[in-house]
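Working through the structure, step by step
Residue-level listing of the chains:
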Amino acid sequence: MLHRVISPNPNPQSNILYVVDRTISFYEELFIFMHPAKYILQNWPKGELFDLLINGGEDCVVLNRDGCWDDMSCKRASNFICQIRDKDAPCRDGWEWYKKDKKCIKQFQTKENMRYAKKICNMADGRLLQIPDAGTQKFVEYILNDGRDYWIGLSDVEKEGQFKWSSGEQLSGFQHWSRGEPNNLGEEDCVLLASNKFWHNVPCSMNVEVICEVKNKNECEQNNGGCDHVCVNTPGSRKCSCKPGYTLVNGVQCIDKNECKHNNGGCNHICVNTPGSRKCSCKPWYTLVNGIQCLGNTVLISNEQN
């Protein structure tokens with residue numbers, strides 16, 4: 001996601017820094033994000049919500065310089081900040097793109113045990129989330145600011161005390177255990193990311209919500225994605241296209257287009273189809289000009305007088 005402050009504050013005396021990009025609407029004291037809210041985060045100053053009924057018409061929300069939210073009139077001018085989705089993000093709708101690790105992440109708000117949690121991720125062509133470094137941990141904390149627990153792809157099911165990720169990689173380097181964890185109380189062989197953002201080992205039979213990851217696979221890297229000409233990687237797939245003068249068939253093949261079939265290829269006289277194009281020529285005693293036109297030759301005979 002990219003964020004940028006767009007306009008200067010027209011009122012230099014105002015303590016408002018900018019309008020929150022997800023402008024909020026007000027219906028009977030209910031604030032609703034313009035797009036589906038993923039983050040159940042509120043940062044009102046003490047007593048601000050009790051001010052709503054007193055100051056009617058304050059239906060939009062700004063972020064003050066102190067970092068707190070404030071409701072105000074939507075007609076009031078202020079700076080604003082936009083959020084733009086990364087156009088190059090190769091994720092399906094509903095998935096978050098983590099560019100550093102080149103993977104798409106999605107939480108599924110259905111509670112399952114570890115076994116079925118893995119199946120949910122497998123059905124999405126992915127696996128339970130792996131958190132190999134602090135950067136991934138911070139990103140996940142950002143997108144999971146909802147007070148829920150989530151399974152991650154870490155367990156010591158195979159051998160007690162030796163934790164492995166679902167990819168088979170041994171846990172090493174970065175770890176983010178809660179204090180006293182892992183403690184293996186009561187066959188606690190699976191790991192969840194708790195609402196406090198730390199790792200906890202718990203019984204695999206617990207029903208917990210699921211977070212999956214899908215590594216961005218570039219289908220065009222191998223054999224050009226099966227495309228004859230141009231292969232473009234897309235979220236979860238690829239798209240083939242053809243060079244000019246060719247027609248795409250069967251979604252992958254490029255067949256030469258006969259440009260001479262339509263309007264004689266624009267040629268005055270003779271049109272000859274060539275790979276990806278066509279070539280014009282003229283009948284005898286005509287000259288080709290501009291690649292398509294045929295002009296008659298004028299022969300001037302001069303009688304020389306002796």
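Here's what I pulled together on the structure shown here. (Residues numbered from 1 in each chain as written. Predicted model: local features only at pLDDT ≥ 70, side-chain atom pairs only at ≥ 80, totals over all residues. Heavy atoms only, no water.)

**Some details on the overall build of the chain**
Short version of the rule: Each helix is a run of DSSP H or I of at least 4 residues and each strand a run of E of at least 2, with the numbering of both proceeding from the N terminus. Using a 1.4 Å probe on the protein chains alone, a residue whose accessible area is under 20% of its type maximum counts as buried, one over 50% counts as exposed, and one in between counts as partly exposed. Any two residues whose heavy atoms approach within 4.5 Å at even a single point are treated as in contact.
Tallying secondary structure elements over the chain gives two helices and 23 strands in all. For the chain, with 306 residues in total, the buried portion stands at 36%. When contacts within the chain are restricted to residue pairs at least 6 apart in sequence, those whose partners lie at least 24 apart make up 54%.

**Here's the deal with the packing of aromatic side chains**
The test is simple: Note on aromatic pairs: the rings of Phe, Tyr and Trp (six-membered ring only in Trp) are paired at centre separations within 6.5 Å, and the planes decide the class, stacked below 30 degrees, edge-to-face beyond 60, tilted for the rest.
By the definition in use, this model includes six aromatic pairs. Ring plane angle 85° and centroid distance 5.8 Å describe the contact between Trp-165 and Trp-199, whose orientation is recorded as edge-to-face. Remark: Trp-199 occurs in strand β14 (residues 199-202) and Trp-165 occurs in strand β12 (residues 164-165); sequence separation between them is 34 residues. Owing to a relative accessible area of 0%, Trp-199 belongs among the buried residues under this scheme. Geometrically, the ring pair formed by Phe-174 and Trp-199 is edge-to-face, given 6.0 Å between the ring centres and 80° between the ring planes. Placement of Phe-174 in the loop between β12 and β13 (190-193) and of Trp-199 in strand β14 is noted, with a sequence separation of 25 residues between them.

**Comments concerning the state of the cysteines**
Using the following cut-off: The definition used for a disulfide is geometric: two cysteine sulfur atoms within 2.5 Å.
In the structure shown here, the tally under the stated rule is nine disulfides. The side chain of Cys-220 participates in a disulfide bridge whose partner is Cys-231; the two sulfur atoms lie 2.0 Å from each other. One disulfide, between Cys-220 and Cys-231, carries an S-S torsion of -80° and so falls in the left-handed class. Placement of the pair is Cys-220 in the loop between β15 (208-215) and β16 (230-234) and Cys-231 in strand β16, with a sequence separation of 11 residues. We note that Cys-220, like Cys-231, is buried. At a sulfur-sulfur separation of 2.0 Å, the disulfide partner of Cys-260 is Cys-271.

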